[in-house]
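# Fold and geometry: a report
Listed below are the residues making up each chain.
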Amino acid sequence: MLHEFVEMVQDIHKIDSEIKELKSAEKAVQRCEKMGLKVSHNEEFHEKLSVKMDEAVQRKMSKLDEKSEQLDKIFRCLMSMSSEAPTSQNFEEDSELVSQHLSALKAFLRSDRSTSCPVLTLPVEQAVRRLLNNPI
């Protein structure tokens, strides 16, 4: 489960950076057009390019939606673990730390995704490892 969680967070960051790159490229083309510069002499090229970029962004957004569903499953699993009686002193702290990170990721995935994606920090990863290795 830990490997799946870390891999999913890495995928979310990768997809988010790809979306930002596509949007940045689209803005660059728009700036060129405003300055009177043309990427191509074909008038339809700019419109087709814009449509293609929008479609690519939508495909990436769909992938983030899929990741959001996967995150919900992991979140529910980890939350059910936190409702168990603690077996170590740091169980509640670890549960809270992981819960906060997962909540931040869920909020990002449900937003318009214009903000930065929350980063999986070492303390959060260590807390996940302790929770998953904790015999309940």
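Residues numbered from 1 in each chain as written. Predicted model: local features only at pLDDT ≥ 70, side-chain atom pairs only at ≥ 80, totals over all residues. Heavy atoms only, no water.

### Quick notes on the overall build of the protein
- Check the secondary structure of the protein and you find 4 helices and 0 strands.
- Counting helices and strands in the order they occur from the N terminus, the protein gives α-α-α-α.
- Expressed as a percentage of the 136 residues in the protein, the buried residues total 35%.
- In the protein, the share of contacts with a sequence separation of at least 24, taken over all contacts with a separation of at least 6, comes to 80%.
- Surface summary for the protein: the accessible area is close to 8700 Å², and the carbon and sulfur share equals 52%. (Helix = DSSP H or I, 4+ residues; strand = E, 2+ residues; numbered from the N terminus. Buried < 20%, exposed > 50% of the residue type's maximum accessible area, 1.4 Å probe, protein only. Contact = heavy atoms within 4.5 Å. Areas by Shrake-Rupley, 256 points an atom, 1.4 Å probe, with all protein chains shown as cover.)

### Overview of the nonpolar core
- Of all hydrophobic cores here, the largest spans 25 residues; its most connected members are Phe5, Ile12 and Leu71.
- When contributions to this core are tallied by element, the ones reaching two or more residues are α1 (2-34), α2 (43-82), α3 (91-110) and α4 (122-133).
- Among the elements that make up this core, the one with the highest residue count is α1 (7 residues).
- If we ignore the near neighbours within four places in the chain, the residues touching Leu71 are Phe5, Met8, Leu102, Leu105, Lys106 and Leu109. (Core = buried A, V, L, I, M, F, W, Y, C linked by side-chain atoms within 4.5 Å.)

### Examining the environment of Lys27
- For Lys27, the position within the fold is in helix α1.
- Spatially, the C-alpha atoms of Lys27 and Ser50 are 9.8 Å apart, while their sequence positions differ by 23 residues.

### Remarks on the confidence of the model for the protein
- When pLDDT is averaged across the protein, the result is 77; 79% of the residues are at 70 or more.
- Taken element by element, the protein is modelled with least confidence in α2, mean pLDDT 76, and with most confidence in α3, mean pLDDT 87. (pLDDT = per-residue confidence, 0-100.)

### Brief notes about the pattern of salt bridges
- As enumerated under the stated definition, the model contains 5 salt bridges in all.
- For Lys67, the salt bridge goes to Asp11, with nearest N and O atoms at 3.0 Å. One end of the pair, Lys67, is in helix α2; the other, Asp11, is in helix α1, with 56 residues separating them in the sequence.
- For Lys67, a relative accessible area of 14% puts it in the buried group. (Salt bridge = Lys/Arg side-chain N within 4 Å of Asp/Glu carboxyl O.)

### Some points on unusual backbone geometry
- The phi angle at Arg113 is positive, at roughly 65°, despite the residue not being glycine.
- By the element assignment, Arg113 lies in the loop between α3 and α4.

### Brief notes about α3
- Taking 1.5 Å per residue as the helical rise, α3 with its 20 residues ought to reach 28 Å, and the 28 Å between its terminal C-alpha atoms agrees with that figure.
- Those residues of α3 that fall on the buried side of the exposure criterion are Phe91, Asp94, Ser95, Val98, Ser99, His101, Leu102, Leu105, Lys106, Phe108 and Leu109. (Expected span 1.5 Å × (residues − 1).)

### Thoughts on the environment of Asp54
- Relative to the assigned elements, Asp54 resides in helix α2.
- Residues Asp54 and Glu26 lie 28 residues apart in sequence; the distance between their C-alpha atoms is 8.6 Å.

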